[in-house]
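Notes for the structure review
Here are the chains, one letter per residue:
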Amino acid sequence: MRTMRNGLVLALGITMTALGASACSGGGDQQQTPAAAAPNEHVELTLATFTEFGYEALLPEYERLHPNIKITHRKTGQGGPYHEDLITKLAAGSGLADVTAVEEGHLSDVLDKGSKFNDLSKIGPSDVTPDRWLPWKYDAAKTKDGKVIGYGTDIGPLAMCYRKDMFKAAGLPDDPEAVKPLFATWDSYFAAGADFVKKSNGKAWFDSAAQNFNAMVNQLPEGYINTDDKLAVENNQGIKDAWAKVTDAVAKGESAKLTAFSNEWNTGFAQGAFATKVCPAWMLGVIKEHAGPANAGKWAVTAAFPGGGGNWGGSYLTVPTQSKHPKEAAELAAWLTAPEQQIKAFQAKGTFPSQVKALTDPALLSKTDDYFGGTKVGELFAEQAKKVQKPQYKGPGDGQIQENATMPALQAVEQGKPAAEAWQQLVDAAKKITR
């Protein structure tokens with residue numbers, strides 16, 4: 001099972017080590033960029049990734065195309081420990097790989113340390129232009145002064161998954177096209193959930209309040225941290241409105257009250273513990289794994305998501321200034337994130353591409369999934385990816401607030417704590433994180 005790239009690192013927690021004297025956002029590198037190696041000079045590069053990027057077959061191919069390059073792949077199983085180690089080595093000034101992957105949930109913790117990464121818009125191959133990527137994917141890796149610290153890899157465009165059999169039993173439409181109106185807005189989604197709970201004798205509509213709340217907050221123009229890197233929770237009306245809607249749904253019995261990626265949550269897929277699921281592209285694999293063969297055909301996915309579109313997941317390849325071969329490292333990162341290689345990674349591990357050209361590739365658009373009724377899932381998620389407008393600014397501490405303030409507060413609501421008291425719990429915890 002893929003980890004943070006399928007959201008598991010959110011359950012592991014984001015416990016980044018503080019960089020007390022780190023450089024501010026952007027800024028010029030303090031060291032002179034090493035010169036590129038001679039054309040035939042032997043160069044050894046290291047690549048650090050976590051969970052599954054789909055690069056196992058690609059790296060030998062790159063070495064065949066570049067006989068003077070030798071790549072050592074440092075692959076870590078879990079995203080949480082990987083990113084903790086990354087921050088530690090960033091602070092120490094040594095130990096990072098020439099090409100270092102960063103998950104989008106941790107991107108805010110490195111963007112304000114732009115001086116510790118090479119600007120790929122300056123050292124990368126000249127044919128790598130911004131229009132290679134979906135605009136919001138490319139822009140998310142820019143520091144405040146415009147420095148590009150990462151080449152985008154995969155993404156997690158959002159759709160909605162649901163149990164067809166549970167919908168039918170409750171008298172709700174179950175065809176993927178017919179259910180779209182239920183998922184048009186968050187208001188229609190929660191209203192349908194209240195109706196479902198009544199008609200199904202109290203069965204849950206969704207798995208976790210925190211899962212829905214996080215998706216709602218990520219759709220807002222501004223999230224927990226504003227562009228001045230100040231805490232914005234108390235004065236953000238969008239966050240307050242999302243809180244009110246989610247906690248009202250909990251009060252109406254719509255939540256299964258499960259902690260995402262816990263053992264209970266895993267088994268909930270097979271047991272029919274909830275009827276709908278916020279569903280980024282990688283979630284299909286999670287559902288198939290945990291719901292099991294016995295539930296093939298019961299789960300469906302539709303090209304609809306409340307409020308339009310959204311993204312959950314995906315990563316970037318960076319080149320830290322620690323690298324002794326930044327030009328060669330940038331060339332490797334550029335090649336791995338090219339549309340052709342992203343399609344190969346998708347075919348190998350299901351990592352959904354972020355490149356515009358890849359989103360029109362027949363190999364992607366023709367991809368179907370028999371578990372979900374033969375749905376053309378490649379085409380579906382390509383459509384959803386195009387609905388995302390622009391990246392929400394993620395200031396330092398954003399991920400920590402989501403994990404260590406928001407999630408516990410919503411779990412408290414699910415266990416019976418009044419919503420107003422839990423809101424204050426969220427605010428107080430967020431203030432401690434950003435103090």
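Residues numbered from 1 in each chain as written. Predicted model: local features only at pLDDT ≥ 70, side-chain atom pairs only at ≥ 80, totals over all residues. Heavy atoms only, no water.

If you check an unreviewed UniProt entry, the protein chain appears there as Extracellular solute-binding protein from Amycolatopsis melonis.

Moving on to the overall build of the protein chain. Each helix and strand counted, the protein chain has 18 helices and eight strands in total. Radius of gyration (C-alpha) of the protein chain: 22 Å, near the 22 Å computed for a compact globule of 435 residues. Its C-alpha atoms put the protein chain at 70 × 50 × 35 Å along the principal axes. Every one of the 435 residues in the protein chain was classed for burial, and the buried ones make up 57%. For the protein chain, contacts bridging at least 24 residues in sequence account for 76% of all contacts bridging at least 6. Surface summary for the protein chain: the accessible area is close to 17200 Å², and the carbon and sulfur share equals 50%. Between the averaged position of the 45 positive side-chain charges in the protein chain and that of its 49 negative side-chain charges there is a distance of 2 Å. (Helix = DSSP H or I, 4+ residues; strand = E, 2+ residues; numbered from the N terminus. Rg over C-alpha atoms; globule rule 2.2 N^0.38 Å. Buried < 20%, exposed > 50% of the residue type's maximum accessible area, 1.4 Å probe, protein only. Contact = heavy atoms within 4.5 Å. Areas by Shrake-Rupley, 256 points an atom, 1.4 Å probe, with all protein chains shown as cover. Lys, Arg positive; Asp, Glu negative; His and termini not counted. Charge placed at Lys NZ, Arg CZ, Asp CG, Glu CD.)

In this section: the packing of aromatic side chains. Enumeration over the complete set of coordinates arrives at 30 aromatic pairs. Pairing phenylalanine 213 with tryptophan 243 gives two aromatic rings, centres 5.9 Å apart and planes at 90°, and the pair type is edge-to-face. A residue pair is termed long-range when its members are at least 10 positions apart, and phenylalanine 213 in helix H9 (residues 209–218) and tryptophan 243 in helix H10 (residues 237–251) qualify at 30 residues. Accessibility expressed as a relative area gives 0% for phenylalanine 213, which makes it buried. Among the aromatic residues, those joined into a ring-pair cluster are Tyr162, Phe167, Phe183, Trp186, Tyr189, Phe190, Phe196, Trp205, Phe206 and Phe305. (Phe/Tyr/Trp six-rings, centres within 6.5 Å; stacked < 30°, edge-to-face > 60°.)

Moving on: the pattern of salt bridges. By the definition in use, this model includes 19 salt bridges. Lysine 75 is the salt-bridge partner of glutamate 52, the closest N and O atoms lying 2.9 Å from each other. Placement of glutamate 52 in the loop between strand E1 (43–50) and helix H2 (58–65) and of lysine 75 in strand E2 (residues 69–76) is noted, with a sequence separation of 23 residues between them. Take glutamate 52: its relative accessible area is 21%, and that puts it in the partly exposed class. Two residues, aspartate 398 and lysine 394, come together in a salt bridge whose shortest N-O distance is 3.7 Å. (Salt bridge = Lys/Arg side-chain N within 4 Å of Asp/Glu carboxyl O.)

Phe183, Trp205 and Ile287 are the most contacted members of the largest nonpolar core, which has 88 residues in total. By size, the runner-up hydrophobic cluster in this structure holds 45 residues, among which are Ile87, Ala97, Leu317 and Trp335. (Core = buried A, V, L, I, M, F, W, Y, C linked by side-chain atoms within 4.5 Å.)

On to unusual backbone geometry, then. Unlike most non-glycine residues, aspartate 229 shows phi in positive territory, near 60°. One can find aspartate 229 in the loop between H9 and H10. Relative accessible area serves as the criterion here: at 34%, aspartate 229 is assigned to the partly exposed category.

Further remarks concern the state of the cysteines. Here the structure, examined in full by the defined rule, presents one disulfide. With a sulfur-sulfur separation of 2.1 Å, cysteine 161 is cross-linked through a disulfide to cysteine 279. Classification of the bridge connecting cysteine 161 and cysteine 279 rests on its S-S torsion, roughly -60°, and on that basis the disulfide is left-handed. Residue cysteine 161 is found in strand E4 (residues 151–163), and its partner cysteine 279 is found in strand E5 (residues 276–280); the two are separated by 118 residues along the sequence. Grouping residues by exposure puts cysteine 161 and cysteine 279 together as buried. (Disulfide = S-S within 2.5 Å.)

A few words on the environment of asparagine 201. Position of asparagine 201 relative to the elements: it lies in the loop between helix H8 (186–199) and H9. Classification of asparagine 201 by relative accessible area gives exposed; the value is 75%. In sequence terms asparagine 201 and proline 362 are 161 residues apart; their C-alpha atoms lie 44 Å from each other.

Looking now at the packing of H8 against H9. For any two helices packed against each other, the geometry is given by the interaxial angle and the distance between the axes. Their axes nearest at 13 Å, the elements H8 and H9 cross at an angle of 165°. Comparing their axes, H9 and H8 come out roughly antiparallel. Where H8 crosses over H9, the handedness of that crossing is left-handed. For the pair H8 and H9, the contacting residues are Trp186, Tyr189 and Phe190 in the first and Asn212, Ala215 and Met216 in the second. (Axes fitted to C-alpha atoms, helices over the stretch in contact; angles between N-to-C directions. Parallel < 35°, antiparallel > 145°, perpendicular 65-115°, else oblique. Left-handed = near helix turned anticlockwise from the far one by under 90°.)

On to the pairing of strand E6 (residues 299–302), then. Judged by which residues are buried, E6 turns out to be covered on both faces: Trp299 and Val301 on one side and Ala300 and Thr302 on the other are all buried. Where E4 and E6 come together, four bridges link them in antiparallel fashion. Residue cysteine 161 lies in a different strand from E6, and its bridge partner there is valine 301. (Pairing = 2+ DSSP bridges.)

Let us look at helix H18 (residues 419–434). A rise of 1.5 Å per residue sets the reference length of H18, with its 16 residues, at 22 Å; its end C-alpha atoms lie 23 Å apart and thus fit the reference within 8%. Buried residues of H18: Ala422, Trp423, Leu426, Val427, Ala429 and Ala430, and no others. Across the axial projection of H18, the buried residues extend over an arc of 170°, all falling on one side. Across H18 from its buried face, at more than 90 degrees, point the exposed residues Ala420 and Lys432. On its buried face, H18 is in contact with H10 and helix H17 (398–414). (Expected span 1.5 Å × (residues − 1). Arc of directions from axis to C-beta.)

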